[in-house]
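Commentary on secondary and tertiary structure
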Amino acid sequence: MNQDTPAVGAPRPRIEGRLKVTGAATYAADVPVPDLAHGWLVTATVSRGRIRDLDVSAALAMPGVLGVLDHRNAPRLNPKAGGFFGPDGSLQLLQDDEIPYAGRPVALVVAETPEQASAAAAAVHVTYDVEAHDLDFRLGHPATRPASTAFGPEADTGDLEAELAASAVVVEERYRTPEESHCAMEPHAATTWWDGDDLHVLDSNQGAFSVSEVLAALWSVDRERVHVRSEHVGGGFGGKGPCGPQVILGSMAARAFGRPVRVALTRAQVFETTSSRPPTDQLMTIGADADGRLRAIHHRAAYALSPLAEYIEWCTEQAKILYTAPAIRTQLTAVPLDVLPPASMRGPGATPGSFALESAMDELAERLDLDPLELRLRNEPTVTPATGRPFSTRRLVSCLREGSRRFGWAARDRRPRSRREGPLLIGTGLAATSFSAGVFPSTTSITAEADGTFTVAIGASDIGTGARTALTAVAADALGVGTERIRLHLGDSDLGMAWGAGGSRGTTSWSFAIGKAAAELRARLAGPVRPVTTTVDTTTMIDYQPARERQTYSAVFAEVAVDPATGEVRVRRLLGMFAVGRVINPLLARSQVVGGMIMGLSMALHEESVRDPRTGRHANGDFAGYHIAAHADVPDVEAEFVPDYEPQDPLGLNGLGEIGTAGTAAAIANAVWHATGRRQRTLPIRLDRVLEPGVTG
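Worth saying up front: this structure is predicted, and the values here are computed from it rather than measured.

**Comments concerning the pairing of strand E2 (residues 49–55)**
Moving residue by residue along a regular strand, the side chains alternate between the two faces of the sheet. As judged from the 2 bridges shared by E2 and strand E6 (residues 98–99), these two strands associate in the antiparallel manner. Following the sheet pairing, Arg50 is matched in E6 by Glu98. Pairing between E2 and strand E8 (residues 125–130): 6 bridges, direction antiparallel. Residue pairing across strands places Asp55 opposite His125, the latter belonging to E8.

What follows is the structure in structure tokens.
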């Protein structure tokens with residue numbers, strides 16, 4: 001087995017690219033299934049209460065309607081079923097008359113066509129006994145409680161009060177980020193059917209195996225009887241990580257009516273029935289000496305969650321990682337409200353957390369009259385600040401210095417409002433970030449076929465990131481053959497246990513498993529007999545508590561133009577430098593982090609879920625009202641990688657899916673301050689927040 005050119009490190013176009021641009025790729029709602037029926041959701045219009053009456057008579061009399069499922073006739077589910085964080089009440093759809101949040105599915109109409117189902121759903125009449133709801137999210141809410149420490153303990157090192165008292169300069173400011181929706185291009189959709197006691201699902205999700213586990217728990221069946229396929233996914237960003245309502249309701253309808261059922265959510269239904277990034281309210285206190293050496297970091301943060309399920313928006317992590325200080329204290333709290341349980345959104349925790357930390361660092365640099373880049377360089381740690389653990393690899397300084405050089409940072413006049421172009425104010429800003437890295441268990445089977453090819457089977461997910469292409473390259477190098485001899489199968493729970501696409505651990509975890517299986521297979525290929533199959537489960541091979549801190553790093557630089565007469569902010573330029581270990585495919589990796597930076601730009605300037613305070617429902621739950629960045633918002637985005645290699649990984653890999661988003665909003669907010677001299681501590685940076693009264697164009 002010979003290979004002239006290594007596949008890992010080569011900028012190869014994605015394998016499925018032609019299928020996607022020609023429309024030949026089949027997504028969850030595209031696969032033809034015989035005798036298919038269609039389900040349509042009816043959702044609650046109040047945020048808290050109970051169903052008093054649910055009249056389905058008009059719907060049942062309409063053409064093509066097979067029936068209506070609601071809490072009175074729906075199949076019963078296992079109430080103890082849950083997901084990553086344990087039991088999850090949001091999975092218990094149509095099980096009782098309680099309404100715990102606006103948008104809760106209260107019925108599913110099933111008909112021969114989607115049009116018939118939609119029309120009948122509009123004829124379902126629901127009345128409620130309405131109860132007072134609580135959407136009053138804030139730091140210090142009376143129901144606030146400590147967040148789960150499942151991701152690790154909070155920091156409490158040094159004498160915080162004494163270090164703050166001894167500081168020459170103290171910054172204490174409050175930063176807020178809103179609820180955000182994932183806004184994947186492909187809405188959530190699933191086709192489900194039962195074959196005896198076996199459940200079959202075609203779904204749009206980020207982890208076929210984990211979804212099969214949840215469904216097995218809900219239906220109290222062996223996991224091997226649940227078969228979930230998710231071949232192509234039109235984006236997820238964390239929103240398709242949980243087991244979605246389309247799958248649960250579809251499986252209930254398929255069981256009740258004895259035929260395949262497809263449930264495809266509308267855009268409005270995606271907003272109201274699937275999880276979002278929770279809002280945060282963060283208080284940052286940073287003390288420093290006159291020369292910019294930090295003495296204390298105190299990060300108090302709160303996020304909203306639902307009483308139905310546990311969740312962690314770990315926005316205090318970077319305060320424990322990025323900068324050295326004698327005293328560091330973090331306090332993460334959760335505020336239970338009448339909302340759907342939140343879920344991870346790209347750069348979970350780190351994205352809102354970096355907005356607070358990096359904005360506060362910029363404010364500190366301003367008060368010290370110190371360059372923001374120099375402030376960060378002066379506080380570079382040699383070990384993990386909160387724990388004393390050595391770093392596995394840390395290239396943040398390389399990101400900052402190389403980004404500074406490429407961006408032309410040295411020529412910047414740090415005085416605000418110092419640069420103009422006609423009526424426009426021009427500003428630049430930067431932010432540094434980190435995101436935790438690691439590896440989770442996966443199972444891989446590799447077969448050496450008689451024709452000289454290799455079949456690699458792994459339950460990985462390609463949610464548009466190019467995972468197929470990256471894993472094909474990893475397998476080719478591990479087996480010592482060209483990529484044309486690799487046949488990769490993924491997106492199927494029957495392929496075995498595998499971590500999903502999330503947490504920047506997907507490709508790293510799957511590559512780890514493929515490398516181990518390839519090594520074992522090569523050791524068995526001395527004889528002429530083919531086919532030969534090797535299966536490896538990496539569960540026992542992973543060090544879950546490594547002695548060294550494993551993180552990825554980035555530095556993001558932004559240039560903005562602000563019109564003070566209209567409040568309009570335009571991002572002219574974004575530059576990101578990233579340290580993410582060895583890069584499998586520079587072409588796809590650059591696409592990933594550029595996409596992440598665009599999401600960060602969207603967070604900074606546009607994205608904000610607004611709820612009607614009377615009902616708790618989304619007031620802007622569609623793409624007309626919920627604004628996201630478009631092509632006109634993104635004129636110049638540049639991304640590059642500094643040389644890096646992760647010593648704790650056999651291939652030197654770390655993840656990169658999250659790190660692109662994490663620091664961008666802070667860099668843009670800092671640039672807006674530099675342009676205007678006014679600090680934006682609440683996202684998004686809307687027109688009304690920037691507009692300067694009395695200024696005319």
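**Topic: the layout of surface pockets**
Each pocket or cavity is described by its volume, and for the second largest pocket that value is around 660 Å³. Forming the boundary of the second largest pocket are 37 residues, of which Phe137, Glu179, Pro279, Ser609 and Arg611 lie nearest the centre. Counting residues per element, the ones that place at least two in the lining of the second largest pocket are strand E11 (169–177), helix H7 (267–273) and strand E16 (280–288). The element contributing the most residues to the lining of the second largest pocket is E11, with 3 residues.

**Things to note about the nonpolar core**
Core analysis: the largest hydrophobic core is formed by 81 residues, its most contacted members being Leu294, Leu364, Val560 and Ile668. Looking at this core, the element that brings in the most residues is helix H8 (residues 350–368), giving 9 residues. Within the second largest apolar cluster, 37 residues are counted, among which are Ala190, Val211, Met252 and Val270.

**Focus on the sheet that holds strand E15 (residues 261–264)**
Strand order across the open sheet formed by 7 strands is E3-E7-E1-E15-E12-E13-E14, with mixed pairing between neighbours. The open sheet has two free edges, formed respectively by strand E3 (65–70) and strand E14 (226–229), since each of these has just one partner strand. Ignoring strand direction, the axes of neighbouring strands in this sheet form an average angle of 20°. Of the strand pairs in this sheet, strand E13 (residues 198–203) and E14 are connected by 4 bridges, and their pairing is parallel. Paired with Leu199 across the strands is Val226, a residue of E14. Contacting strand E1 (37–43), E3 and strand E7 (105–111), helix H3 (residues 114–122) runs over the sheet at an angle of about 25° to E1.

**Overview of the pairing of E16**
The element E16 is largely enclosed, with a buried count of 9 among its 9 residues. Judged by which residues are buried, E16 turns out to be covered on both faces: Thr280, Gln282, Met284, Ile286 and Ala288 on one side and Asp281, Leu283, Thr285 and Gly287 on the other are all buried. Bridge analysis of E11 against E16 gives 9 bridges, and the strand direction is antiparallel. Pairing of Arg174 across the sheet is with Leu283, part of E16. Bridge count between E16 and strand E17 (residues 294–305): 9 bridges; the pairing is antiparallel.

**With respect to the side chain of Asp362**
Looking at the element boundaries, Asp362 is found in helix H8. Residues contacting Asp362, with those up to four places away along its chain left out, are Pro372, Arg376, Asn670, Trp673 and Arg679.

**Looking at the environment of Tyr27**
Relative to the helices and strands, Tyr27 resides in the loop between helix H1 (17–21) and E1. Taking C-alpha positions, Tyr27 is 7.0 Å from Glu231, a pair spaced 204 residues apart along the chain. Apart from the residues within four sequence positions on either side, Tyr27 is in contact with Lys20, Glu186, His232, Val233 and Gly234.

The rules we used
Residues numbered from 1 in each chain as written. Predicted model: local features only at pLDDT ≥ 70, side-chain atom pairs only at ≥ 80, totals over all residues. Heavy atoms only, no water. Pairing = 2+ DSSP bridges. Helix = DSSP H or I, 4+ residues; strand = E, 2+ residues; numbered from the N terminus. 1 Å grid on protein atoms, 1.4 Å probe; cavity = no way out; pocket = protein on both sides within 12 Å on 5 of 7 lines; lining within 4 Å. Points joined across faces, edges and corners; volume = space filled by probe spheres on them. Core = buried A, V, L, I, M, F, W, Y, C linked by side-chain atoms within 4.5 Å. Buried < 20%, exposed > 50% of the residue type's maximum accessible area, 1.4 Å probe, protein only. Axes fitted to C-alpha atoms, helices over the stretch in contact; angles between N-to-C directions. Contact = heavy atoms within 4.5 Å.

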